[in-house]
Each structure stands twice: as structure tokens, then as C-alpha cells.
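# Descriptive structure summary
Now for the letters of each chain:
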Amino acid sequence: METWEELPNVSLVPTNPKAPQAKMSAQDSCLSLIKYLLFVFNLFFFVLGSLIFCFGIWILIDKTSFVSFVGLSFMPLQIWSKALAISGILTMGLALLGCVGALKELRCLLGLYFGILLLLFAMQITLGILISTQRTRLERRVKDIVMETIQRYHAHPEESAAEESWDYVQFQLRCCGWNSPRDWFSVPSLSSNDSEVHRVPCSCYNSSASNDSAIFEKLSFPQFSRLGPLARPRHSTDLCLVPANSDIYSEGCARSLQKWLHNNLISIVGICLGVGLLELSFMTLSIFLCRNLDQVYDRLARYL
């Protein structure tokens, strides 16, 4: 007669087989959320960078429309358009690293993305510290550059980018000279042997204080005129001047610039803090995703 031997009741599986899978699934979901958040944010900045790049190229192609609209002449506008195009390309490249690294879960791209963001953040912190500690030297340097631009005004008409940019600053800030309009009195190109009356550029003219039609006819440059829709480049024979004893702005641009910075200080600080927090968030997400990819792969290999 055959007898059956009772086998011991030994379990080969965990008492709660769903526990590690649930834990792995929760961490997977968290990493997936981080991955797609990083991808969406960088996709937004990629689109933003492409728009900035296209805007810069558009300015280069259609200069005449932008000259009459923003008031800058051709040379400064060309410089700003190239700066916009370069910044757009850099933004697109950085965002592309974040998008591809997050979507494809590539540690090398995520590490490179984190490194570039860290470098940018460190440069911004360093720049802020330098501006705070070297404020007096920076103000002196800016003053020297402006005074040199004023003294060389229209001395070389073919190299007028800095002069036209300063004209635009005076026109927008409603100021004249750096300290006062007297800064223009010693400029060789503005002095006249026939008359002892000092003259200043038309960007110093306060159009709201007078209705003199003769002065308005002199304001032929697109950065000063709001009457003509057509814009034209500045030639060497174009030199718009008004007498210093007419209706001109009496305040120097140093004071006007200080007022502008004081009135917009909260906005400037808010933008800087927002950019810094955004960079910190992206760095945190990228390094967290990068450090946890290997652990997820190890758990998958262990439980599959």
C-alpha cells in the first residue's frame, strides 16, 4: 500500500507580493511626473527661444519698419537684432538638451543640462555681487563711456552706432547730457565759429514745451519724428541741432537714469528672483531625475 508523505508548507513567494510592485509603481509615477514636467517646461522655452530667434531675423530682414517703429537707426538696430538671434539660439539649445534628456532619460544630457544651468546661475550670482560691491566703479566707468561718446559726437559719421543709441536714450528718458546740457557745450562738432550760441542735439529738444513748427522740421530723424511713417538711414550730412537756449531738457541723464531704476527697482528684483528660482527648479528636477534613473532600472531588473 502506497503512503503519501506530507510536504512541509513552505511558501516560495513573499507574503505580500504586491508590496514591492506598489512601491516601485509609486516611484515610477513620481519620476514620470518629473520627467514630463521637465519636458513640458523646456518645450515651452524652446518655443520661446525660437520666437526670439525669428524676431531677431525678422528685424534684420525688415529693417525699415522697425526703424520707424522703435526709433533706432540701422546700425544699433542691427546690433540688437543679432543679440536677439544669438540669445534665441542659446535658449533653444539649452531647452533642447532638457527636452531630449528628460524624454529619452539620457543621463549624459541631463548632466550637461544641469551643468550649464549651474554655470548660468553662478554667473548671475557673481554678476549681482560685482554690481553691488563695485557700484561706484561701475558708475564711473559708465560716465566715462558716455562722456567719450558725447565728445566724439559726429566726429566719425560712419561709426555712429553709440551716438545714435545715446540719442535714443536722451529722447526716451527726456534728458540732455550726462550731468546737464552743459556737457554738450564743449563738443567740437557742435561748436560754431559764426555764433556764440551753444547747440545741442535734437534729442535734447523738449517737444512738449513748444509748438515751434520750424523746430519740428529739423526733427527729421525717425527716432525723433512721430510725423513721418517712412524711415531712412542716417547719412554723414545729417546733423540735427537746436540752440541750447531753446526748449531743451534741463536734467542730465544720470539723474533720470537713477529715477528710472528707483521706480522700477521692484520689477527688476522680481524678474531676477523669478529667473533664479526657475533655474533652481529646473536644476533640482534634472539632478533628481538623473540620480534616480539607475535605481529604477535596477529594481526593474530585479523584479522582472
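Residues numbered from 1 in each chain as written. Predicted model: local features only at pLDDT ≥ 70, side-chain atom pairs only at ≥ 80, totals over all residues. Heavy atoms only, no water.

### Side note on the pattern of salt bridges
Oppositely charged side chains are able to pair whenever their charged atoms sit close together. Heads up, the condition is: Salt bridges are defined as contacts in which a side-chain nitrogen from Lys or Arg sits within 4 Å of a carboxyl oxygen from Asp or Glu. Only DSSP runs of H or I with at least four residues qualify as helices, and only runs of E with at least two residues qualify as strands; both kinds are numbered from the N terminus onward. Residue burial is assigned from relative accessible area. The probe radius is 1.4 Å, only protein chains are included, and a residue is buried under 20% of its type maximum, exposed over 50%, and partly exposed in between.
Counted by the stated rule, this structure contains four salt bridges. In this structure, Arg135 and Glu139 form a salt bridge, with 3.3 Å as the shortest nitrogen-oxygen distance. Remark: Glu139 and Arg135 occur in helix H5 (residues 135-151); sequence separation between them is four residues, near one turn of the helix. We classify Arg135 as exposed; its relative accessible area is 56%. The partner of Glu251 in a salt bridge is Lys259, with the nearest N and O atoms 3.0 Å apart.

### With respect to the environment of Gly93
Structurally, the position occupied by Gly93 is in helix H3 (residues 74-104). Counting along the chain gives 47 residues from Gly93 to Phe46, while the straight-line C-alpha distance between them is 7.7 Å.

### Quick look at the packing of aromatic side chains
Let me state the cut-off plainly: Each aromatic pair joins two rings of Phe, Tyr and Trp (for Trp, the six-membered one) with centres within 6.5 Å, and gets the label stacked for planes under 30 degrees apart, edge-to-face for over 60, and tilted for any other angle.
Applying the stated rule across the entire model yields six aromatic pairs. When the ring of Phe45 is compared with that of Phe282, the centres are 5.8 Å apart and the planes differ by 85 degrees; the resulting orientation is edge-to-face. Taken together, the positions of Phe45 in helix H1 (residues 18-61) and Phe282 in helix H9 (residues 265-303) put the pair 237 residues apart, joining distant regions of the chain. By relative accessible area, Phe282 is classed as buried at 7%. A centroid spacing of 6.4 Å and a plane angle of 75 degrees characterise the contact between Phe55 and Trp58, whose relative ring orientation is edge-to-face. You can see Phe55 and its partner Trp58 sitting in helix H1, three residues apart, about one turn around the helix. A relative accessible area of 36% means that Phe55 is categorised as partly exposed. Classification of Trp58 as partly exposed rests on a relative accessible area of 48%.

### Comments concerning the nonpolar core
Most often, soluble globular proteins have nonpolar side chains that are buried together. The cut-off we apply is this: For our purposes a nonpolar core is just a set of buried Ala, Val, Leu, Ile, Met, Phe, Trp, Tyr and Cys residues, chained together by side-chain atoms within 4.5 Å.
Among the nonpolar cores identified, the biggest contains 22 residues, and Trp166, Trp184 and Val200 are the most heavily contacted of them. Within the second largest apolar cluster, 16 residues are counted, among which are Leu31, Ala102, Leu285 and Leu293.

### Looking at helix H6 (residues 161-173)
Threshold: To estimate how far a helix should reach, multiply one less than its number of residues by 1.5 Å.
With 13 residues, H6 should cover 18 Å at 1.5 Å per step; its first-to-last C-alpha distance of 18 Å lies within 8% of that length. One or two positions beyond H6, positive phi appears at Arg174, with a value near 55 degrees.

Interpretation note: all reported values are geometric properties and have no functional meaning in isolation.
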